[in-house]
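Below, each chain spelled out in residue letters.
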Amino acid sequence: MKEYKMRRGEYLEERIPDMESTVEEYFGPITGTEEYKGSDLYVIGEPDNPVFEKIVVGTVEYSGKKDKLAVEFYERDPTELGPEELEAAADAVDVKNDFLLEATARDAKARRDSLKRSVEDDPDHDF
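Residues numbered from 1 in each chain as written. Predicted model: local features only at pLDDT ≥ 70, side-chain atom pairs only at ≥ 80, totals over all residues. Heavy atoms only, no water.

## Some words on helix 2 (residues 19–27)
- Every buried residue of helix 2 is accounted for by Met 19, Thr 22, Val 23 and Phe 27. Mapping the buried residues of helix 2 onto a view down its axis gives an arc of 105°, with all of them on the same face.
- Where helix 2 is buried, its residues meet helix 1 (12–15), strand 3 (39–44), strand 4 (52–60), strand 5 (68–75) and helix 3 (83–104).
- Gly 28 lies just past helix 2 and shows a positive phi near 125°. (Buried < 20%, exposed > 50% of the residue type's maximum accessible area, 1.4 Å probe, protein only. Helix = DSSP H or I, 4+ residues; strand = E, 2+ residues; numbered from the N terminus. Arc of directions from axis to C-beta. Contact = heavy atoms within 4.5 Å.)

## Regarding the nonpolar core
- Among the nonpolar cores identified, the biggest contains 21 residues, and Val 57, Leu 69, Val 71 and Phe 99 are the most heavily contacted of them.
- The set of elements that each furnish at least two residues to this core consists of helix 2, strand 4, strand 5 and helix 3.
- The greatest single-element share of this core, amounting to five residues, is contributed by helix 3.
- Excluding its chain neighbours within four sequence positions, the residues that come into contact with Phe 99 are Ile 16, Met 19, Thr 22, Val 23, Tyr 26, Phe 27, Val 57, Leu 69 and Val 71. (Core = buried A, V, L, I, M, F, W, Y, C linked by side-chain atoms within 4.5 Å.)

## Quick notes on unusual backbone geometry
- Of note in this structure, Lys 37 is not a glycine but carries a positive phi near 50°.
- Mapped onto the elements of the fold, Lys 37 is located in the loop between strand 2 (32–36) and strand 3.

## What to know about the sheet that holds strand 4
- Spatially, five strands are ordered 1-5-4-3-2 in an open sheet, and the strand pairing comes out antiparallel. Two strands close off the open sheet at either side, each with one partner strand: strand 1 (2–4) and strand 2. With direction set aside, neighbouring strand axes in the sheet form an average angle of 25°.
- Pairing between strand 1 and strand 5: three bridges, direction antiparallel. By the bridge assignment for strand 5, Glu 3 is matched with Ala 70.
- Contacting strand 3, strand 4 and strand 5, helix 2 runs over the sheet at an angle of about 25° to strand 3.
- Contacts from helix 3 reach strand 1, strand 4 and strand 5 within the one sheet, and its direction differs from that of strand 5 by about 175°. (Pairing = 2+ DSSP bridges. Axes fitted to C-alpha atoms, helices over the stretch in contact; angles between N-to-C directions.)

Written as structure tokens, this is what we have:
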């Protein structure tokens, strides 16, 4: 599960006031929920795009800190996809990036840079 933080001064609930309808708009009907770090996330068991097997997404609430977006994309093995489904692969990447951009206001490059910084700042690694 990846967690994404918002830009400084921005909040997830301001960027996406109705997470449920936004998730359905991007990925398809919600089929259930899954608990993660004390928060209920939405599960899309049969996403609109055939490249995805399942998607788990939602808001993780932290007391005393800003909420974060948590997302896990379960993708099918590309060798199992038919020719029509392979064409949907580019759309799958676009849908993921568009959703994450709307939620976090960070493009793919900014999200990668942020993840790199969080690993560098992690005090748990040994030298």
